[in-house]
Every structure is written in structure tokens, then in C-alpha cells.
Amino acid sequence: MSGLGSGDGGAEAAAWYESAVDSLLFFRGDVAESVGAMRRVAPGAPLGQVFAAYLGLLGTEQTQAAAAGEEFARFRAGADHTNFTERERAHLCAASVWLGGDIERAGALLREINVSWPRDTLALAVGHQIDFFTGNAASLRDRIAGALTAWDDEDPHYGPLLGMFGFGLEESGHYARAEQLASAAVERQPGDVWGIHAVVHTLEMQGRFAEGIRYLDARTRDWGANNMMAVHNWWHYALYALESGDTGRVLEIYDAVHDPASSAGLALELLDAAALLWRLYLDGEEARRAVGDRWGPLADAWAARGDGPHYAFNDTHAVMAYLGAGRVREAEALVADRTEWAERPHPGVTNHTMTAEVGLPVCRALIAFARGRYEEAVELLLPLRGRLHTFGGSHAQRDAVERTLVEAALRARRFELARTLLSERLNLRPTSPYNWLGQARLADELGRAALAATARAKATDLAALGKGALAGAATPAETLALAECVASAESLASAESVDPAESVASAGSVASGGARTSGGSPASAGSVASAGSVASAGSSTPPESFVSAETLTQRISAD
């Protein structure tokens, strides 16, 4: 690639590139630092500029995306594109298209890159996240599947690809194969937090919440802190606790991890917080009393962001926060703003379609639910069921909306619809206490006391499995403290083992797959850094590795 591996600073830039790719795959917080160093030592290399643009987009942060777009435009305006390779020009095009708002087209362009260069790890990783943001389960699966045979299974990045493939399989409903491959990824590299995330999803979708608790407890030091997936994986732990009926543990996790007072206020963090509290909001008065005043600071955090129309999935969770806090007018103001925006044409902007076709109807349904207009909420949500995925997120995340429909149907006394929805859920996840409790409530409404009692007993027995798993677990605060201590000790040991004189001739810690972490409080997936901060970030020498710069240069050219 131009400017990497040749000329002044080329070998060092190549080493920083490899370090950045590795950190991206393992969700380490130093990815922006590595990209910034690469851009500094090779400012004319398009790959560094493209990488920075991708980082500015991956957090679904409007301000970061705008800053990344400005920097990227300056680079393109001053660059001599005739010196760039075909692959570099393809990446420049993909980044430009995404910065312009066409997320789906950017994903398609990255997939075209991987047809010609199946070992372009950056294209695979970024494309995979785009598939997630757009809810494209088939591409989430097939993008990685289409590249795997071009890889040597001894490559240190083959494991993360298995984890990505596992997640795509899970979102496509292939749970057994998904669990097998994602587990293999974690076995290869225990610090593969995306692989852990994929396993956790497969257990969630099968109602195996007690197993999920034990799985996460067994490897907390690998995922629980100091990586950009920690907050989200804690959210999954909280979902397991919620299925177990342990509201206290759910709120302990919220207070330790999701409380906006201790977060950076990033969209993907606040999204998890809102989605968790909304599930408790749906559970009735007792759960709402347990939540107490937690909604207020969360709504404040969303309001402080001042987001415009950027990603409809985020907007939906901001509305949840406003409604949970009783601030209906703010929810309505957000909907009014997005409605006005959606009424104007925005050709080539994926979020326009997401907002107009799914985001706004969902937000209006949430408002109707909060106002007690349950029939209206049903009528708004029911037509969306087959295309809810098109505004992004995973099945587990979108289940907050599906649960809203179930609850609205019960409260609107739409019992035939409620029976159908609950029957679907029970036959897909017969081990879910939530589903059985819904069945019990329906039976109560229909005057079928014996059926209601049987369903409640079933829910109680199933929840006991999760409570048993939680009984032996440390508290979230204890677990986080331990994970922080372990990560700090490993980071110190790693730093002491590095010979600075040799570091220029070596790349990022690629073979170990994630012992090194970002430090500080956990951050959510994709929330890396604004593009503006990337240019100046980084130290003067690349970190330690097992791969020489010469090998890296050859690998970058061949991939």
C-alpha cells in the first residue's frame, strides 16, 4: 500500500497499521492511538486516512462522523490519487460513501474489496460492523464466510474471523454452528471479546440464560473491563439476570456499568442503558419502583448530546429514556424534529429510510404506550414486525420493541394477538421465564386459572436455574475491580518486557489476541475516538510484537 513499507517511516507505519488492525479486532481502546501514529509517520498513505474515517463512523456518533468527514475531505482534496493502488481507491470510495450517509452502499463496496482481496482484514471488520448497524443478518454471515477459505487457520487473525462468522450465524438463526465457531474463536484467543459476545448471543437466543451466566463468570477477566465491548457484554449479563427474575442484580449491574454518571456519554453506552431500563419499565409498577430515579440522569445524558438525525436506532433509545423519566414532551420534540427531517428528500442517506420507515413509527408507538394508548401502540408496531431489523441492531436488542408489542397487546385486551405473539415466543424459546409469565398473564385475563398457575410454576422453576447460577457469582462491583486489577497488572508486565530499541522493527501485540487493554473505564463497541483526535494521538514507536516490519509489509501487500 502507498506510503506503507517503503520510504521514510514506511516500515514504522506498517507496524502501526498492524497494531491498529489487531486492536480493532480485539476491541482495545488504543486503536485510535495506533491509527494516529500511522498517520503521523506516513501522512500521505491513504490507508491511514481511511482507517481514521472508519473510526469516526463506527461509534454512530454524529460529531465524530462530522469531524472525520472534514479531515478526510482535506486529505482527498490535496492528495495525488494517481499514485494510489486500486485497492486504496476502493477503500477511499467506501469511506467517502459512508461519510456521505449511504451506509448500505459502503457495506457493498467493502464486500467488493473482499472479493478481490479476501484477506483485507480492515474491510472485513468494518463491513461486519456495517452489517450489524443495518441489521443485515445474511451479509453479517456471508461476508465472513466468503473470505474464510482464503485464510490460513494459523493466522492470528483467523480466530476473530471465526467469532465474527459465529455472530453472523447466530443472527441468521444457525445457533449450534454459531456456538461451535464462536467458542472455537474464544478458545484460540481468550481475549476475543467479540467472540465471547457471539457465544453470549447464541445462549440468549436459545433461552440458556443460566449457562450464559456461568459462561461469563468463568472468563470475567477476559471481557469484564478495559475493552470497548465491556459495557455491552455486561448488558448481556444483565439480560440473563433479568430472565432469572433478579431485578436487584440487574440494577447492581446498571449502577456499576451503565450509570451515565460514570460513562463517557457515548451513544452506544447510553443505548444499552436505555434498553435495559425499558425492559423493567414494561414489567410493571413493582419493577418501575425498583428503578427509582435512575431514568432522570439517563434522559439528561441523552439530552446533553443534542443529536440531530444520524442513526434511527439511537433515536429510539433516546425516546425510551425520555419516556422512562416522564419527559414525554422531549420525546415528542425529538419525533417532531425527525419527522420534519424525514419529510425532505435525502437521496443516498440510509438513515433517511431507517427513520421514515421504522424509526419514527417505533418512537410514536413508544410514546403511545407511555401515554396508555395501547391500541395505538399495537397498530403502529404490528406492521413493522417483518422489517424491524432494517433499522439496525441485533435480535436481542430489538427484543425491547418486540416486548413492547406483547405488553401493549395484553393491556389493549387484544388477546388473540397476544396469544399468537406469546405462542411464537414460547415455541422459539420454551425455556424463557419471561415468555411463561406472559402466558400466565394471558391465562389470567381469559379466566383460565389452572393454566395460569401452571405457566407461573414453569416460569419459577426456570428462573431458579438462573438464580442458582447467580448465587455463586461475585457482585458486579467486585468483578469489575478484579478485572481492572488483572488488566493493570498485565499491562504493567507487558510494558516492562518491551525493549524500546527493538520496538520500531516490530508491530502491535498481534499474536496474543487481547491481553493488552485500553485502560480506564469500559467503553462500548465502536466508540473509539473522534477522527480529529486521531491525527495527533500516539507515541513515537510502535508497540511490541512477534512479527517483523518486513513481514508486515509483505502481508499488507499480499492481503
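Note that the coordinates shown come from a computational prediction; the quantities given were computed from them, not determined experimentally.

Structurally, the position occupied by Arg 403 is in helix H23 (residues 395–411). Among residues more than four places away in sequence, those in contact with Arg 403 are Leu 242, Glu 243, Arg 279, Leu 282, Arg 425 and Tyr 434.

Once that is clear, we can look at the packing of aromatic side chains. For the coordinates displayed, the defined rule picks out 18 aromatic pairs. Between Tyr 281 and Phe 369, the aromatic rings sit 6.4 Å apart at their centres with planes inclined by 55 degrees, giving tilted as the arrangement. You can see Tyr 281 sitting in helix H16 (residues 267–282) and its partner Phe 369 sitting in helix H21 (residues 350–370), a full 88 residues away along the chain. Taken together, the aromatic side chains of Phe 27, Phe 132, Phe 133, Phe 167, Trp 194, Tyr 311, Phe 313 and Phe 391 make up a single cluster linked through ring pairs. Arg 219 extends its terminal NZ or CZ atom over the ring of Tyr 215, reaching a point 3.9 Å from the ring centre. The aromatic ring of Tyr 434 is capped on one face by Arg 403, whose charged end is 3.8 Å from the ring centroid.

Our next topic: the nonpolar core. The biggest cluster of nonpolar side chains holds 163 residues, and the ones touching the most others in it are Phe 51, Trp 98, Trp 278 and Leu 298. Among all residues touching Phe 51, those that are not within four sequence positions of it are Tyr 17, Ala 20, Val 21, Leu 24, Val 31, Val 35, Met 38 and Leu 122.

In an α-helix, one turn spans 3.6 residues, which is why side chains three or four residues apart end up on the same side. Along its 14 residues, helix H9 (residues 158–171) runs 20 Å from first to last C-alpha, staying within 8% of the 20 Å computed at 1.5 Å per residue. By the criterion of burial, H9 is predominantly enclosed, with 14 of the 14 residues buried.

Moving on, we get to the pattern of salt bridges. Applying the stated rule across the entire model yields 32 salt bridges. With a closest N to O distance of 2.6 Å, Arg 338 and Asp 337 form a salt bridge. We classify Arg 338 as buried; its relative accessible area is 3%. Linked by salt bridges that have partners in common, Glu 61, Arg 305 and Asp 307 make up one network.

The next point concerns the environment of Ala 418. In this fold, Ala 418 is placed in helix H24 (residues 415–428). Residue Ala 418 is classed as buried on the basis of its relative accessible area of 0%. Residues Ala 418 and Gly 438, 20 residues apart in the sequence, show an inter-C-alpha distance of 8.8 Å. Contact partners of Ala 418, with chain neighbours within four places excluded, come to Ala 409, Leu 410 and Leu 442.

All right, on to the packing of helix H18 (residues 295–305) against helix H19 (residues 312–324) then. At a closest axis distance of 8 Å, the pairing of H18 and H19 adopts a crossing angle of 140 degrees. Relative to H19, the element H18 lies oblique. Pair H18 / H19 crosses with left-handed handedness. For the pair formed by H18 and H19, the contact residues are Trp 295, Leu 298, Ala 299, Trp 302 and Ala 303 on the first element and Asn 314, His 317, Ala 318, Met 320, Ala 321, Tyr 322 and Gly 324 on the second.

Here we take up the environment of Ala 273. Looking at the element boundaries, Ala 273 is found in helix H16. What makes Ala 273 buried here is its relative accessible area of 0%. In this view, Ala 273 contacts Tyr 254, His 258 and Leu 298; residues no more than four positions away in its chain are not counted.

Before going further, it helps to examine the confidence of the model for the chain. Put simply, the chain has an average pLDDT of 89, and 86% of its residues get 70 or more. Under a pLDDT of 50 for its full length, residues 498–540 has, in the predicted model, 144 contacts with residues more than four places off or in other chains. Contacts for the low-pLDDT stretch residues 544–556, under 50 throughout, to residues beyond four places or in other chains number 37 contacts.

This part covers H19. Here H19 is 13 residues long and its end C-alpha atoms lie 19 Å apart, about the 18 Å a rise of 1.5 Å per residue gives. In the stretch just after H19, Gly 326 is the one whose phi turns positive, near 75 degrees.

Conventions adopted
Residues numbered from 1 in each chain as written. Predicted model: local features only at pLDDT ≥ 70, side-chain atom pairs only at ≥ 80, totals over all residues. Heavy atoms only, no water. Helix = DSSP H or I, 4+ residues; strand = E, 2+ residues; numbered from the N terminus. Contact = heavy atoms within 4.5 Å. Phe/Tyr/Trp six-rings, centres within 6.5 Å; stacked < 30°, edge-to-face > 60°. Lys NZ or Arg CZ within 6 Å of the ring centre and 35° of its normal. Core = buried A, V, L, I, M, F, W, Y, C linked by side-chain atoms within 4.5 Å. Buried < 20%, exposed > 50% of the residue type's maximum accessible area, 1.4 Å probe, protein only. Expected span 1.5 Å × (residues − 1). Salt bridge = Lys/Arg side-chain N within 4 Å of Asp/Glu carboxyl O. Axes fitted to C-alpha atoms, helices over the stretch in contact; angles between N-to-C directions. Parallel < 35°, antiparallel > 145°, perpendicular 65-115°, else oblique. Left-handed = near helix turned anticlockwise from the far one by under 90°. pLDDT = per-residue confidence, 0-100.

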